[in-house]
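Report on the structure
Residues per chain, in single letters:
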Amino acid sequence: MTADGVTVGFGWVRALAKGAGRARPWRRSSRAILFDREGTLVTRSLTGDTQRLVPMPGAADAIARAHAAGVAVGVVTSQRGERGLTAEETAQVNARLDELVGPVDVVLECTHDSGEDCPCRVPAPGLIYLAAAALGTRPERCVVVGDSGVDLEAARAAGARSVLVPSSRTTPEEIEAAPVVASSLEEAVEIALRKAA
Ligand SMILES: [Zn+2]
């Protein structure tokens, strides 16, 4: 499903397709945690080769913890555009992500090139607005978890809160500027659950 270069992926398509088929009580949650993908849920080695997709430590547990607490989980990413993945490749990546870290409720991807000045590539907040709407909540009830300063800037621009989980690519300046820093995804989720309460 695409609209103006934004791919509304997997979890949401599945949610629509399955309807009431599989009970997922967290879908009715008014709170959400939105994860960046590369460098946050998986290592930064994203290619069309899904066998090379490696989850970050604790990613599956963090998502399971959020769901167990009744919080919706989304993925917001600009990486498809950056890597030039085809729609088919990105669907495979998301399917593999599902297997590796467990199902999420919505995946939103910016597919524009960085030069296109679109409203959805971080630090622009477009995907956060879309994810919140897709999950039936508002940005103020969302916590963005990412490894880069632009993820946090997007959150701030949307009125969402944020937690930085530094990866090998995160700079000392980004850590310094982050309002909240967690040392692991599990810790980030615990903080997010308190913030989104
Ligand atoms: Zn975009």
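Look a little higher up for the structure.
Worth saying up front: this structure is predicted, and the values here are computed from it rather than measured.

Side note on the overall build of the chain
Summing up its helical and strand segments, the chain has eight helices and seven strands in all. Buried residues in the chain amount to 46% of all 197 residues. Here the analysis covers contacts within the chain between residues at least 6 apart in sequence; of these, 67% occur between residues at least 24 apart.

Things to note about the packing of helix H2 (residues 59–68) against helix H8 (residues 185–195)
Close contact between H2 and H8 brings their axes to 8 Å; oriented N to C, the two are set at 20°. On the basis of the axis angle, H2 is roughly parallel to H8. In this structure, H2 meets H8 at a crossing whose hand is right-handed. Of H8, the residues touching H2 (which contributes Ala59, Asp61, Ala62, Arg65 and Ala66) are Leu185, Glu186, Ala188 and Val189. Considered class by class, the residues forming the contact of H2 with H8 number six nonpolar, no polar and three charged.

Remarks on the nonpolar core
Counting 53 residues, the largest nonpolar core has Ala32, Ile33, Leu34, Ile128, Ala131, Val144 and Val145 as its most contacted members. A total of seven residues in this core trace back to one element, the largest contributor, which is helix H5 (residues 126–134). Beyond its immediate stretch of four places on either side in the chain, Ala32 contacts Val71, Ala72, Val73, Gly74, Ala131, Ala132, Leu135, Thr137, Arg141 and Cys142.

Digging into the environment of Arg156
Locating Arg156 in the fold gives a position in helix H6 (residues 149–158). Overall, Arg156 belongs to the partly exposed group, with 16 C-beta atoms counted inside 10 Å. Separated by 31 residues in sequence, Arg156 and Pro125 have C-alpha atoms that sit 8.1 Å apart.

Some words on the environment of Asp98
As for its placement among the helices and strands, Asp98 is situated in helix H4 (residues 87–101). Expressed as a C-alpha distance, the spacing of Asp98 and Ala60, which sit 38 residues apart in the sequence, is 9.5 Å.

What about unusual backbone geometry?
The omega angle of the peptide bond from Val122 to Pro123 is 15°, so this bond is cis rather than trans. Relative to the assigned elements, Pro123 resides in the loop between strand S5 (106–110) and H5. The backbone of Asp117 sits at a positive phi, close to 55°, despite the residue not being glycine. Along the polypeptide, Asp117 turns up in the loop between S5 and H5.

Section: H8
Of all the positions in H8, only Leu185, Ala188, Val189 and Ala192 are classed as buried. Here the buried residues of H8 occupy an arc of 100° about the axis, which is enough to place them on one side. Lining the buried residues of H8 we find strand S3 (32–35), H2, strand S6 (142–146) and strand S7 (161–164).

Brief notes about H2
Residue pairs three or four apart in sequence face the same way in an α-helix, which turns once every 3.6 residues. For H2, the complete set of buried residues consists of Ala59, Ala62, Ile63, Ala66 and His67. Projection of H2 onto a plane perpendicular to its axis shows the buried side chains occupying an angular sector of 135°, all on one side. Of the surrounding elements, those touching the buried residues of H2 are S3, strand S4 (72–77), H4 and H8. Gly70 lies just past H2 and shows a positive phi near 85°.

Brief notes about the pairing of S3
Neither face of S3 is open: one carries Ala32 and Leu34, the other Ile33 and Phe35, and all of them are buried. Looking at chain direction, S3 and S4 are connected through four bridges and run parallel. Note on S4: the bridge partner recorded for Phe35 is Val75. For S3 and S6, the ladder comprises four bridges, and the chain directions are parallel. Looking across to S6, one finds that Leu34 is bridged to Val144.

Cut-offs used in this document
- Residues numbered from 1 in each chain as written.
- Predicted model: local features only at pLDDT ≥ 70, side-chain atom pairs only at ≥ 80, totals over all residues.
- Helix = DSSP H or I, 4+ residues; strand = E, 2+ residues; numbered from the N terminus.
- Buried ≥ 20, exposed ≤ 12 C-beta atoms within 10 Å, placed from the backbone.
- Contact = placed C-beta atoms within 7 Å.
- Axes fitted to C-alpha atoms, helices over the stretch in contact; angles between N-to-C directions.
- Parallel < 35°, antiparallel > 145°, perpendicular 65-115°, else oblique.
- Left-handed = near helix turned anticlockwise from the far one by under 90°.
- Nonpolar A, V, L, I, M, F, W, Y, C, P; charged D, E, K, R; others polar.
- Core = buried A, V, L, I, M, F, W, Y, C linked by C-beta atoms within 7 Å.
- Arc of directions from axis to C-beta.
- Pairing = 2+ DSSP bridges.

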